[in-house]
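Chain and residue survey
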Amino acid sequence: KWTTDDGRIMVNGQPLVLKGVNYFGFETETYAPHGIWDHNLNDMLDFIKDNNFNAIRVPFSMEMVRDNPVIMNVHCHNNPNLCGTSALRMLDIFIDRAAERGLLIVLDNHRTQSGGYISPPLWYNNSAGYPEDEVIRLWKHLVMRYKNQWNVFAIDLKNEPHDAATWGRSNRNTDWNQAAERMINALHEFPGLFFVGGIEWGGRFENAAQYPIETGHAHLNERVVYSPHCYGPDVYDRPEFHVENTHEYAKNLDRIYTAKYGFLAEKGYPVVIGEWGGKAKPGTRDAKWNNWFVDWIRDKCMTNNFYWALNPNSGHTGGLLDDDWKTPIQHKLDLVNRAQPNPTKFKKHNKKICITKGT
């Protein structure tokens, strides 16, 4: 049973400690996790497990769910039985293999149409044939497919609403908070958690102080999780990253991020960082920001997180693996290990799931 209590995520009444990573590919034109064009999928998942992660956020596209095409760009010899597989069957296999390793799954509605371009700013895209009711229908299809899969513990309703997206403006066409409430009510059969990102690329929740997610049902409200995204100068440079005085740098960033979403944890709302990261090369401004961010989420007790990303082919951030998809980037692993050193562990044994508490 998944729920929340006083800002904590709970599994069977015990606090869940999350150390997650994003692993993308299903949302692209290959309709499958990246890297399996050279390497065995099991090796990718073993790397995640062996580095003490307990959860994967899996981006997908609504087009993938609707059309269920055959996956592309798979090394058939290294991945027997995957060539010629449909996208949804590939997702089944991915989730099952993650479960074998005790890895939880968040399904992330990352974009409407497959490809490498930016997702539309709102949760629907009428011009592409994805009005709100169609998006909900496709979500229901996934929910019914996986509602009994023990490790699919959360769904992320919409990746990074931006531009026209609003919160608390009473505009049905643009208010993301109201849309999230409608979607959660429509997807009530899903037994897990509902991740709701902020507006302006996932990072802003200021209006949630006055307009928190309110579904009208206590059993749904207690499964809502606020999931901000946050990046440093390698992704988007800002004046606050150029403050040279160390004390003023930290004080200024704390003020900015507390106003954006840090206040949620202070008010007792559950928060999971859905994306953060960067190349963080030692000695750079981005490394300075990443180290500050880890200190800050520890100080705020917001260390449940999903690092972006496993994949080295993420343009602005790179990944935990180098371009060969094999060599770990140790300074990044050090960051995520410091952010969350002792996550909850899951292990399947005799048709039961054994849970080891994290701290």
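Residues numbered from 1 in each chain as written. Predicted model: local features only at pLDDT ≥ 70, side-chain atom pairs only at ≥ 80, totals over all residues. Heavy atoms only, no water.

Overview of the overall build of the protein chain
Looking only at helices and strands, the protein chain features 10 helices and 14 strands. Against the globule reference of 21 Å for 359 residues, the protein chain gives a C-alpha radius of gyration of 19 Å, in line with a compact fold. Buried positions account for 58% of the 359 residues belonging to the protein chain. In the protein chain, once contacts between residues fewer than 6 apart in sequence are set aside, the share between residues at least 24 apart is 74%. Of the accessible surface of the protein chain, which amounts to about 14900 Å², a share of 47% is contributed by carbon and sulfur atoms. When the 40 positive and 42 negative side-chain charges of the protein chain are each reduced to one mean point, those points stand 5 Å apart. (Helix = DSSP H or I, 4+ residues; strand = E, 2+ residues; numbered from the N terminus. Rg over C-alpha atoms; globule rule 2.2 N^0.38 Å. Buried < 20%, exposed > 50% of the residue type's maximum accessible area, 1.4 Å probe, protein only. Contact = heavy atoms within 4.5 Å. Areas by Shrake-Rupley, 256 points an atom, 1.4 Å probe, with all protein chains shown as cover. Lys, Arg positive; Asp, Glu negative; His and termini not counted. Charge placed at Lys NZ, Arg CZ, Asp CG, Glu CD.)

A closer look at the side chain of Glu134
Secondary-structure assignment places Glu134 in helix α4 (residues 132-146). For Glu134, the residues in contact, after removing those within four places along its chain, are Arg66 and Gly129.

Considering the UniProt feature "domain: Glycoside hydrolase family" (unreviewed entry) in the protein chain
Under the present numbering, the feature "domain: Glycoside hydrolase family" (unreviewed entry) in UniProt falls on residues 20-314. What you have in residues 20-314 is 34% helix and 13% strand, and the ends, taken at the C-alpha atoms, are 17 Å apart. (UniProt positions renumbered as here; feature names shortened; annotations may be inferred.)

A short note on the packing of helix α3 (residues 87-100) against α4
Here α3 crosses α4 at 40°, and the two axes come no closer than 12 Å. Between α3 and α4, the angle is such that the two are oblique. Here the hand of the crossing between α3 and α4 comes out right-handed. Contacts between α3 and α4 involve Leu88, Arg89, Leu91, Asp92 and Ile95 from the first element and His141, Leu142, Arg145 and Tyr146 from the second. (Axes fitted to C-alpha atoms, helices over the stretch in contact; angles between N-to-C directions. Parallel < 35°, antiparallel > 145°, perpendicular 65-115°, else oblique. Left-handed = near helix turned anticlockwise from the far one by under 90°.)

Overview of the state of the cysteines
Evaluated as defined, the whole model comprises one disulfide. Each sulfur of the disulfide joining Cys76 and Cys83 lies 1.8 Å from the other. Across the S-S bond of Cys76 and Cys83 the torsion is about -100°, and the bridge reads as left-handed. We classify Cys76 as partly exposed; its relative accessible area is 41%. Overall, Cys83 belongs to the partly exposed group, its relative accessible area being 35%. Not engaged in a disulfide, the cysteine Cys301 finds its nearest cysteine sulfur in Cys230; these two sulfurs lie 17 Å apart. (Disulfide = S-S within 2.5 Å.)

Some words on the pairing of strand β14 (residues 352-356)
Pairing geometry for strand β13 (residues 345-349) and β14, over five bridges, is antiparallel. Looking at β14, one finds that Lys348 is bridged to Ile353. Where β13 hands over to β14, the hairpin turn is made up of two residues, of which Asn350 adopts a positive phi near 50°. (Pairing = 2+ DSSP bridges.)

A word on the packing of helix α9 (residues 285-299) against helix α10 (residues 330-339)
One way to put it is that α9 packs onto α10 with a least axis distance of 9 Å and a crossing angle of 15°. Between α9 and α10, the angle is such that the two are roughly parallel. Crossing of α9 over α10 shows right-handed handedness. Facing α9, whose interface residues are Asn290, Asn291, Val294, Asp295, Ile297 and Arg298, α10 presents Leu335, Arg338 and Ala339. Split by residue class, the contact of α9 with α10 holds four nonpolar, two polar and three charged. (Nonpolar A, V, L, I, M, F, W, Y, C, P; charged D, E, K, R; others polar.)

Concerning the nonpolar core
Residues Leu107, Trp139 and Leu157 are the most contacted members of the largest nonpolar core, which totals 93 residues. Counting residues per element, this core draws most heavily on α3, which supplies eight residues. Excluding residues that lie within four positions of it along the chain, Leu107 makes contacts with Val58, Phe60, Leu91, Ile95, Trp139, Leu142, Tyr146, Val152, Ala154, Ile155 and Asp156. (Core = buried A, V, L, I, M, F, W, Y, C linked by side-chain atoms within 4.5 Å.)

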